[in-house]
Amino acid sequence: MTAQPPLPASPPTSREPRRRPADRRDVILRSAARAFSADGYHAVRLDDIADAAGISAPALYRHFPNKYALFAETARNLADALADATGKVPHDTDRPEVELHGLLAALTGASIENRRTGGLYHWEADYLQPADARYVRDIVVSQHRRIRTALRRARPGLDADSADLITAAMTSVVASPATHRAALPARQIGELITDAAMTLSDVDLPSPPGVDVGAQPPGLSPTSKREKLLAEAIKLFAAQSFREVTIDDIARAADLPASGVYRHFDSKAAILQAAFWRASDRVTALIADALSSSTTPREAITALVTRYVDLSCTNTAMLAVYVSEIGSVTPGQRTELRNQQRLNVEEWAAWLTRERPELTAVQARFLVQAVLNVTIDLTRLNPSPPPGRITALGLRLLLGGAGSDGVEIGE
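Analysis parameters
- Residues numbered from 1 in each chain as written.
- Predicted model: local features only at pLDDT ≥ 70, side-chain atom pairs only at ≥ 80, totals over all residues.
- Heavy atoms only, no water.
- Helix = DSSP H or I, 4+ residues; strand = E, 2+ residues; numbered from the N terminus.
- Buried < 20%, exposed > 50% of the residue type's maximum accessible area, 1.4 Å probe, protein only.
- Contact = heavy atoms within 4.5 Å.
- Phe/Tyr/Trp six-rings, centres within 6.5 Å; stacked < 30°, edge-to-face > 60°.
- Lys NZ or Arg CZ within 6 Å of the ring centre and 35° of its normal.
- Axes fitted to C-alpha atoms, helices over the stretch in contact; angles between N-to-C directions.
- Parallel < 35°, antiparallel > 145°, perpendicular 65-115°, else oblique.
- Left-handed = near helix turned anticlockwise from the far one by under 90°.
- Nonpolar A, V, L, I, M, F, W, Y, C, P; charged D, E, K, R; others polar.
- Salt bridge = Lys/Arg side-chain N within 4 Å of Asp/Glu carboxyl O.
- Expected span 1.5 Å × (residues − 1).
- Core = buried A, V, L, I, M, F, W, Y, C linked by side-chain atoms within 4.5 Å.
- Polar contact = N/O pair within 3.5 Å; in protein donor to acceptor, adjacent residues only side chain to side chain.

Asks: Tell me about the overall build of the chain, and please be specific about residues and values.
Replies: Tallying secondary structure elements over the chain gives 18 helices and zero strands in all. Counting across all 411 residues of the chain, residues that qualify as buried make up 48%. The contacts of the chain with a sequence gap of at least 6 include a subset with a gap of at least 24, amounting to 72%.

Asks: Quick rundown of the environment of Glu73? Include the residues and the values.
Replies: Locating Glu73 in the fold gives a position in helix 4 (residues 67-87). Overall, Glu73 belongs to the partly exposed group, its relative accessible area being 23%. Sequence separation of Glu73 and Ala33 is 40 residues, and the distance between their C-alpha atoms is 9.2 Å. Setting aside chain neighbours within four positions, we find Glu73 in contact with Arg25, Leu29 and Phe64.

Asks: Tell me about the packing of aromatic side chains, and name the residues and values.
Replies: Tallied over the entire structure, the rule returns four aromatic pairs. Ring centres of Phe36 and Phe71 lie 5.1 Å apart, and the angle between their planes is 85°; on these two criteria the pair is classed as edge-to-face. Pair noted here: Phe36 is in helix 1 (residues 24-39) and Phe71 is in helix 4, with a separation of 35 residues, a long-range link. For the pair shown, Phe36 and Phe71 are each scored as buried. Relative to Trp348, the ring of Tyr308 has its centre 5.9 Å away and its plane inclined at 90°; by these criteria the two rings are edge-to-face. Of the two residues, Tyr308 sits in helix 14 (residues 297-314) while Trp348 sits in helix 16 (residues 331-355), which places them 40 residues apart along the sequence. Residues Tyr308 and Trp348 agree in their burial class; the two are buried. Against the face of Tyr135 rests Arg76, its NZ or CZ located 4.1 Å from the ring centre. When the ring centre of Phe242 is taken as origin, the NZ or CZ atom of Lys268, which lies over that ring, is 4.4 Å away.

Asks: Please give an account of unusual backbone geometry that cites residues and values.
Replies: The step from Asn382 to Pro383 runs through a cis peptide bond, and the omega angle for that step is 0°. Position of Pro383 among the secondary structure elements: in the loop between helix 17 (361-379) and helix 18 (387-403). A positive phi angle is found at Asp255, which is not glycine, with a value near 60°. By the secondary structure assignment, Asp255 is in the loop between helix 11 (247-253) and helix 12 (258-262).

Asks: Got a sec to walk through the packing of helix 5 (residues 96-113) against helix 9 (residues 186-199)? Specific residues and values, please.
Replies: As a packed pair, helix 5 and helix 9 sit with axes 9 Å apart at the nearest point and diverge in direction by 135°. When the interaxial angle is binned, helix 5 and helix 9 end up oblique. In the crossing of helix 5 with helix 9, the sense of the turn from one axis to the other is right-handed. Across from Glu97, Leu100, His101, Leu104, Ala105, Thr108 and Ile112 in helix 5, the residues of helix 9 making contact are Ala186, Ile189, Gly190, Ile193, Thr194, Asp195, Ala197 and Met198. Residue composition of the contact of helix 5 with helix 9, by class: nine nonpolar, four polar and two charged.

Asks: How would you summarise the side chain of Thr108 if you had to cite specific residues and measurements?
Replies: Here Thr108 is to be found in helix 5. Thr108 gets classed as buried once you look at its relative accessible area, which sits at 1%. Not counting residues within four places of it along the chain, the set of residues in contact with Thr108 comprises Val174, Ile189, Gly190, Ile193 and Thr194.

Asks: A description of the pattern of salt bridges should follow, citing residues and the corresponding values.
Replies: A complete count under the given rule lists 15 salt bridges for this structure. Residue Glu191 is joined to Arg187 by a salt bridge in which the shortest nitrogen-to-oxygen separation is 3.2 Å. Placement of the pair is Glu191 and Arg187 together in helix 9, with a separation of four residues, close to one helical turn. Taking relative accessible area as the criterion, Glu191 reaches 42% and is therefore assigned partly exposed. The closest approach of N and O atoms between Arg278 and Glu227, which form a salt bridge, is 3.0 Å. With Arg278 in helix 13 (residues 268-292) and Glu227 in helix 10 (residues 225-240), this residue pair connects regions lying 51 residues apart in the sequence. Glu227 sits in the partly exposed class, given a relative accessible area of 26%.

Asks: Lay out helix 16 with the relevant residues and their values.
Replies: Its 25 residues place the ends of helix 16 36 Å apart at the C-alpha level, agreeing with the 36 Å of an ideal helix rising 1.5 Å per residue. Among the residues making up helix 16, those that are buried are Gln333, Arg334, Leu337, Asn344, Val345, Trp348, Ala349, Trp351 and Leu352.

Asks: Any chance you could break down the nonpolar core for me, citing the residues and the numbers?
Replies: Formed by 95 residues in total, the largest nonpolar core has its most connected members in Ile166, Val173, Phe237, Ile271, Trp348, Leu393 and Leu398. Here this core takes eleven residues from helix 17, the largest share from any one element. Leave out the neighbours within four places in its chain, and Leu398 touches Ile301, Val305, Trp348, Leu352, Arg356, Leu367, Val368 and Val371.

Asks: I'd like to hear about the packing of helix 14 against helix 16, residue by residue, with values.
Replies: Their axes nearest at 8 Å, the elements helix 14 and helix 16 cross at an angle of 140°. In terms of orientation, helix 14 lies oblique with respect to helix 16. Judged by the sense of rotation from one axis to the other, the crossing of helix 14 with helix 16 is left-handed. Only Trp348, Trp351, Leu352, Arg354 and Glu355 of helix 16 make contact with helix 14, whose side of the interface consists of Pro297, Arg298, Ala300, Ile301, Leu304, Val305 and Tyr308. When grouped by side-chain class, the residues that make up the contact of helix 14 with helix 16 number nine nonpolar, no polar and three charged.

Asks: Give a detailed account of the environment of Thr171, specifying residues and quantitative values.
Replies: With respect to the secondary-structure elements, Thr171 resides in helix 8 (residues 160-175). The partly exposed category is assigned to Thr171, whose relative accessible area is 30%. For the pair Thr171 and Thr108, spaced 63 residues apart in the sequence, the C-alpha separation amounts to 8.9 Å. In this structure the side chain of Thr171 is engaged in a polar contact, spanning 2.9 Å, whose partner is the backbone oxygen of Thr167.

Take a look at the structure:
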């Protein structure tokens, strides 16, 4: 058998280099914005963002040197999106109501487009460094001024303080779709939320009380060591963030040794978890209190809003921690807390649909979420508005223009 000559060696196959997607940086930013919005700045790891973006951590570092750089750009991008939206709305000095509606509709649309990322606005000011904070704030202030100007043109007799408060409430309403996950077609959300914000344009706010509400004494401290630890920890978490506070800090604030903290709580995370459940339980309890004092759906809605505003005004630090640090608890606890919040919102919505049968259950949930968001946002202002003024805004949102007439609102 004749030997066959060896076959010529095959030319080496050159592997086609993997092309990076042209929008990789945008993919990273979108993944980061969703993560920061859902879990907060401190709870998010760069590895998590890299996984969500479908890249390796080293590849992410080629675009952003650290987590803060990524966070800052997501916050700037969100601010830019809002500026772009309102920048397209024409100035209309002859028809201020039309301009005002256009501005609110544009911001609502931006909120809907950024529903998975817009939650950043709740805590961006807490973590941004001065230059980035100024960039975002300049855009926010510019929008506030433009909305306020259109509002005051539409209501020439409106005083400056009331115009500022109503403008802040309108802005919070149109941002509210980004704070929850209730589902409606985008067009329906846009119409519902824009119209709700517009109902605030002619709301009559009660006159502010003659005393400075923010100057009231803080009250007495609890004598129980556990309660004192919890109260001091909430104040520290609200002022400095959960990650920055140590067990030693909490012990010092409560005038206890560090070992005394561990007699009541296993860890700092356990203190935060207890604070969250305290906030959740109080919100749940006020529903039963409100219903027990009501005989009609309208009375129930009035009682719910009044009690929630009072709770928010007297527990500002606790609710601020709940909003900004939810990502710092375990996923299981987070799910339980959000499930309880959803049940509370559904209870509010059930009474709202009884008072306003033209609303669907989902539409009612959107309006309830708007009221909760407005209350949280306004009570975080410094100084915080009087409770009666926040209550008036919440009732107008839920009961509508005609439905809220004659409601008695205390200060």
